[in-house]
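Spelled out, the chains give:
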Amino acid sequence: AFAVSVVPEGAEDETELPVLQKSQKSGTISKISRELKEIVFIIQSQSNSFHSKRAEDLKRDILKQAADLGKELPTVLLIHQMDGHEGAWTILPLMRDFSVTYGRNSSWIFFCEEDTRIQVVKLLETLGRFDGSKEWFLGKALYDEESTIIHHYAFAENPTAFTFPDFAAGWALSIPLVNKLAKKLKSEPLKSDFTIDLKHEIALYIWQKGEGPHLTPVPEFCTDDVNSYKVDHCATTFSNFLPLCGEPVKKEDVFVAVKTCRKFHGDRIPVVKQTWEREAALIEYYSDYADISIPTIDLGVPNTDRGHCGKTFAILERFLNHSSPRTPWLVIVDDDTLISIFRLRRLLSCYDPNEPVFLGERYGYGLGTGGYSYITGGGGMVFSRIAVQKLLASKCRCYSMDAPDDMVLGMCFSGLGIPITHSPLFHQARPMDYPKGYLSHQIPVSFHKHWNIDPVKVYFTWLAPNTEESLNGKKAGYNREDL
């Protein structure tokens, strides 16, 4: 266990010291440098150049803070560099490696995202409150206020009873718990076919139906902005809401393809036109019926009740062969996707259109046994032109016209060695399907589904470039708490 005592910034007398023995103040720096060695930092990084650079910057920052404190540096690993298999980002498959490599000489594995900012001294101070020889699962607690489809309606009787970590704030596992998980995974391989919400699924696996530890909430793990007045006590903060890397990409550089069908022309398309259509300079509606009032384009692909692989690949072919070759970005959305093209243009300023980019909300299929990752379609799928070119040149195609398009695309890109790129700002479900604490540090790009909501109201509350934007001549300042 850690036993570190440091006077926090701004503390002027003994009463403001953390809850540690005040007699331990002498020799603090040497203890910190020694005990830093006992933390393994894991950055939940991605191989896309924008994301890998941010992760490398965070690694340098952690090591610089460590170097300023003493000679012994901690281990800092980037998860996309750790393992050749597709499922490294789901973390649990790596537990056996963590156990073998760090199980004897370390005390904690600390996970964070590329935008998590860490005060190393305060992190040590915080972990020092916990006995590292016991099983601990530490983080900032999130919970569902109502049961939700993205968690398979788990804990329907009392959704608030189960908590799971907000990855943005960082989270930690003690080595005894890592060793226990590694042993369990050796005898009981992961069974779930799908990875949908990793933070919830990891918490469920650790909990083991009540036999394992619950998440222990740690108030020093924070998601307030690093510049906020609230963060004096925080060991971690969260630095970025919606990234901007120079000027937003031009409207004319984003081609938007809306998948629809005749039966939804009357109710879903009017919502698009009332909300985000005005943000798109280049937009086409693809259907099984040509309706000049919208207008829709009949791709000659019949509508299917299940997947829409045939339609999506027809859209990709059309983008490559019929749109301007100077248009670098394609976005494919469903007719019940609510999206902010305004924010997407800002986000895309951070990505190199000369790289094969496939961007959106990441899910996984069969990752415990190989499998692949994919971008879930309802939240929106974003492609660079070169990604579309490489895909169509590969001859990888639908195994049936009604195959799930997003999963086939994931399988194809995986086979090409092109990683998909995850952004938590895209959402496959509605705002109320996510914890309020999770959405509080986001400026979201998309939501999906019109079930039991007023989609126009949701758009103007969550996604409009300015939530005071005019709606039919009236101010539309909605309260997110109502949604």
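Relevant structure appears above.
Residues numbered from 1 in each chain as written. Predicted model: local features only at pLDDT ≥ 70, side-chain atom pairs only at ≥ 80, totals over all residues. Heavy atoms only, no water.

Engineer: Can you tell me about the environment of Glu146, naming the residues and giving the values?
Structural biologist: With respect to the secondary-structure elements, Glu146 resides in the loop between β6 (141-142) and β7 (164-165). By relative accessible area, Glu146 is classed as partly exposed at 43%. In this structure the C-alpha to C-alpha distance between Glu146 and Asp433, which are 287 residues apart in sequence, comes to 7.8 Å. Non-local contacts of Glu146, meaning those with residues more than four positions away in its chain, are made with Pro159 and Met432. (Helix = DSSP H or I, 4+ residues; strand = E, 2+ residues; numbered from the N terminus. Buried < 20%, exposed > 50% of the residue type's maximum accessible area, 1.4 Å probe, protein only. Contact = heavy atoms within 4.5 Å.)

Engineer: Any details on the pattern of salt bridges? Residues and values, ideally.
Structural biologist: Taken as a whole, this structure holds 19 salt bridges when the rule is applied. For Lys180, the salt bridge goes to Glu135, with nearest N and O atoms at 3.3 Å. Here the residue Lys180 occupies a position in helix α5 (residues 175-187), and Glu135 occupies one in the loop between α4 (120-127) and β5 (137-139), the gap between them amounting to 45 residues. Judged by its relative accessible area of 34%, Glu135 falls in the partly exposed class. When the shortest N-O distance is used, the salt bridge between Asp405 and Lys259 registers 2.5 Å. Within this pair, whereas Asp405 is found in helix α11 (residues 405-416), its partner Lys259 is found in strand β12 (residues 254-259), the two being separated by 146 residues in sequence. Note on accessibility: Asp405 and Lys259 belong to one class, buried. A single salt-bridge network, built from bridges that share partners, covers Lys53, Asp57 and Arg60. (Salt bridge = Lys/Arg side-chain N within 4 Å of Asp/Glu carboxyl O.)

Engineer: I'd like a rundown of helix α2 (residues 49-69), residues and numbers included.
Structural biologist: A rise of 1.5 Å per residue sets the reference length of α2, with its 21 residues, at 30 Å; its end C-alpha atoms lie 30 Å apart and thus fit the reference within 8%. Within the sequence span of α2, burial applies to Phe50, His51, Ser52, Arg54, Ala55, Leu58, Ile62, Gln65, Ala66 and Leu69. The backbone nitrogen of Phe50 has a side-chain oxygen 3.0 Å away, supplied by the residue at the start of α2, namely Asn48. (Expected span 1.5 Å × (residues − 1). Polar contact = N/O pair within 3.5 Å; in protein donor to acceptor, adjacent residues only side chain to side chain.)

Engineer: How would you summarise a nonpolar patch on the surface if you had to cite specific residues and measurements?
Structural biologist: On the surface, Ile149, Tyr153 and Trp451 cluster together to form a nonpolar patch covering roughly 310 Å² of accessible area. Along the chain, Trp451 falls in the loop between β22 (446-448) and α13 (455-462). (Patch = residues over 30% accessible without salt bridge, like charges linked within 9 Å, V, L, I, M, F, W, Y side chains within 5 Å. Areas by Shrake-Rupley, 256 points an atom, 1.4 Å probe, with all protein chains shown as cover.)

Engineer: Residue-level account of the sheet that holds strand β9 (residues 194-195), with values.
Structural biologist: The three strands lie next to each other as β9-β18-β19, forming an open sheet whose pairing is antiparallel. Where the open sheet ends on each side, the last strands, each with one partner, are β9 and β19 (372-375). Bridge analysis of strand β18 (residues 362-365) against β19 gives four bridges, and the strand direction is antiparallel. Note that in β19 the partner of Tyr365 across the bridge is Tyr372. (Pairing = 2+ DSSP bridges.)

Engineer: Outline α5, listing residues and values.
Structural biologist: With 13 residues, α5 ought to run about 18 Å at 1.5 Å a step, and its terminal C-alpha atoms sit 19 Å apart, in line with that. Inspection of α5 places Ile175, Leu177, Val178, Leu181, Ala182, Lys184 and Leu185 among the buried residues, and these make up the whole buried set.

Engineer: Break down the pairing of strand β20 (residues 381-384) for me, citing the residues and quoting the values.
Structural biologist: In β20, alternate side chains face the same way, and those of Met381 and Phe383 on one face and Val382 and Ser384 on the other are all buried. Strand direction decides the pairing type here: strand β15 (residues 329-334) and β20, joined by four bridges, are antiparallel. From the neighbouring strand, Leu330 faces β20, where its bridge partner is Phe383. Alignment of strand β17 (residues 358-360) against β20, held across two bridges, turns out to be antiparallel. Bridging from a neighbouring strand, Leu359 pairs with Val382 of β20.

Engineer: Help me get a handle on the packing of helix α10 (residues 385-393) against α11, residues and values and all.
Structural biologist: Here α10 crosses α11 at 85 degrees, and the two axes come no closer than 10 Å. Taken together, the axes of α10 and α11 lie roughly perpendicular to each other. Counting all contacts with α10, which are made through Ala387, Lys390 and Leu391, the residues of α11 involved are Leu409, Cys412, Phe413 and Leu416. Taken together, the residues that form the contact of α10 with α11 break down as six nonpolar, no polar and one charged. (Axes fitted to C-alpha atoms, helices over the stretch in contact; angles between N-to-C directions. Parallel < 35°, antiparallel > 145°, perpendicular 65-115°, else oblique. Nonpolar A, V, L, I, M, F, W, Y, C, P; charged D, E, K, R; others polar.)

Engineer: Can you lay out the packing of aromatic side chains for me, pointing to particular residues and giving the numbers?
Structural biologist: Within this structure, the stated rule accounts for 22 aromatic pairs. Aromatic pair Phe110 and Phe221: ring centres 5.7 Å apart, planes at 75 degrees, arrangement edge-to-face. Of the two residues, Phe110 is situated in strand β3 (residues 108-113) and Phe221 in the loop between β10 (216-217) and β11 (236-238); the sequence distance between them amounts to 111 residues. A relative accessible area of 2% places Phe221 in the buried class. Pairing Tyr363 with Tyr374 gives two aromatic rings, centres 5.9 Å apart and planes at 80 degrees, and the pair type is edge-to-face. Of this pair, Tyr363 sits in strand β18 while Tyr374 sits in strand β19; the two residues are eleven residues apart in sequence, bridging distant segments of the chain. (Phe/Tyr/Trp six-rings, centres within 6.5 Å; stacked < 30°, edge-to-face > 60°.)

Engineer: Outline the pairing of strand β2 (residues 75-78), listing residues and values.
Structural biologist: Across the two faces of β2 the burial differs, with Val76 and Leu78 buried and Thr75 and Leu77 not buried at all. Pairing analysis gives four bridges linking strand β1 (residues 39-44) to β2, with the strands arranged parallel. In the sheet register, Ile42 faces β2, and the bridge partner there is Leu77. With respect to chirality, the unit in which β1 leads through α2 into the neighbouring parallel β2 is right-handed. (Right-handed = clockwise from strand over helix to strand, strands pointing away.)

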